[in-house]
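Here's the letter readout for the chains.
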Amino acid sequence: MKPLSDLAAIHRLDRDAFVALLGGVFEHAAWVAEAVAPARPFASVADLHAAMMDAVRHAPEAQRLAFLNGHPELAGPEARARAMTADSASEQGSAGLDHLPPEDAAAFDRLNAAYRERFGFPFIIAVRGRSRAEILAVFEARLGRGQAEEEATALDEIGAITRMRLDMLISGAGD
């Protein structure tokens, strides 16, 4: 979608248009945009993003888990089937996860399975600007964490991902 000129333009949108524009910022979770729509106007993009993250963090546990499970695995089946959102495909492609050598593909498959088994949701990391080797090292390290710590880290990573998405969507958003 074409970036809007500024946050004020987003505030002028009716509720449905606001949700249509921002509903995809959080992977398969238009409910996040719906939750913050009544709180407009926001003083900054940072405040809008903070409100959206607050909605996610304070969602009921079952909804948060479903939200986390709405994210694709890194270099996983959705990526191979080209069945990810455009944002996820672009992000994974930026890290070269869309064309892995066989040994890296096998490593991602092994780690994805182990992670999902341990935590009950896919491994989530902001991949832009990270190499495959760095992503794999972080993946391995995070497998040793506890459930609460890892869920908090996954939400922090979603915060980084969604802030980048908002900044790309709203021109002049660097606040």
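Residues numbered from 1 in each chain as written. Predicted model: local features only at pLDDT ≥ 70, side-chain atom pairs only at ≥ 80, totals over all residues. Heavy atoms only, no water.

1. Section: the overall build of the chain
And then number 1: Looking only at helices and strands, the chain has 10 helices and zero strands in total.
And then number 2: In the chain, the succession of helices and strands from N to C terminus is α-α-α-α-α-α-α-α-α-α.
And then number 3: Counting contacts in the chain only where the partners sit at least 6 residues apart, residues at least 24 apart contribute 70% of the total.
And then number 4: Roughly 8300 Å² of accessible area belongs to the chain as shown, and the carbon and sulfur atoms make up 55% of that amount. (Helix = DSSP H or I, 4+ residues; strand = E, 2+ residues; numbered from the N terminus. Contact = heavy atoms within 4.5 Å. Areas by Shrake-Rupley, 256 points an atom, 1.4 Å probe, with all protein chains shown as cover.)

2. Some remarks on the side chain of E73
And then number 1: Looking at the element boundaries, E73 is found in the loop between helix 5 (61-69) and helix 6 (77-80).
And then number 2: E73 sits in the buried class, given a relative accessible area of 14%.
And then number 3: A distance of 3.1 Å separates polar atoms of two side chains, one belonging to E73 and the other to R116. (Buried < 20%, exposed > 50% of the residue type's maximum accessible area, 1.4 Å probe, protein only. Polar contact = N/O pair within 3.5 Å; in protein donor to acceptor, adjacent residues only side chain to side chain.)

3. Observations regarding the packing of aromatic side chains
And then number 1: For the structure on display, the rule yields nine aromatic pairs.
And then number 2: For the ring pair F123 and F139, a centre distance of 3.9 Å and an interplane angle of 10° mean the geometry is stacked. One end of the pair, F123, is in the loop between helix 8 (102-119) and helix 9 (132-142); the other, F139, is in helix 9, with 16 residues separating them in the sequence.
And then number 3: Chaining the aromatic ring pairs together yields one cluster made of F108, Y115, F119, F121, F123 and F139.
And then number 4: It is R40 that lies over the ring of F18; its NZ or CZ is 4.3 Å from the centre. (Phe/Tyr/Trp six-rings, centres within 6.5 Å; stacked < 30°, edge-to-face > 60°. Lys NZ or Arg CZ within 6 Å of the ring centre and 35° of its normal.)

4. As for unusual backbone geometry
And then number 1: Note the cis peptide between R40 and P41, where omega equals 5°.
And then number 2: With respect to the secondary-structure elements, P41 resides in the loop between helix 3 (30-36) and helix 4 (45-57).
And then number 3: In this structure, H28 takes a positive phi of about 55° despite not being glycine.

5. Here we look at the pattern of salt bridges
And then number 1: One pass over the structure, following the stated rule, counts 12 salt bridges.
And then number 2: For D156, the salt bridge identified is with R57, shortest N-O distance 3.0 Å. Of this pair, D156 sits in helix 10 (residues 147-169) while R57 sits in helix 4, and the two are 99 residues apart along the sequence.
And then number 3: Taking relative accessible area as the criterion, D156 reaches 45% and is therefore assigned partly exposed.
And then number 4: Residue R57 is classed as partly exposed on the basis of its relative accessible area of 34%.
And then number 5: Of the charged contacts, one joins E151 and R64 as a salt bridge, the two residues approaching to 2.7 Å between their closest N and O atoms. Residue E151 is located in helix 10, and its partner R64 is located in helix 5; the two are separated by 87 residues in the primary sequence.
And then number 6: Looking at E151, the relative accessible area reads 18%, which means it is buried.
And then number 7: What makes R64 buried here is its relative accessible area of 15%.
And then number 8: The network of salt bridges with shared partners includes R142, R145, E149 and E150. (Salt bridge = Lys/Arg side-chain N within 4 Å of Asp/Glu carboxyl O.)

The values are spatial; any link to function lies outside them.
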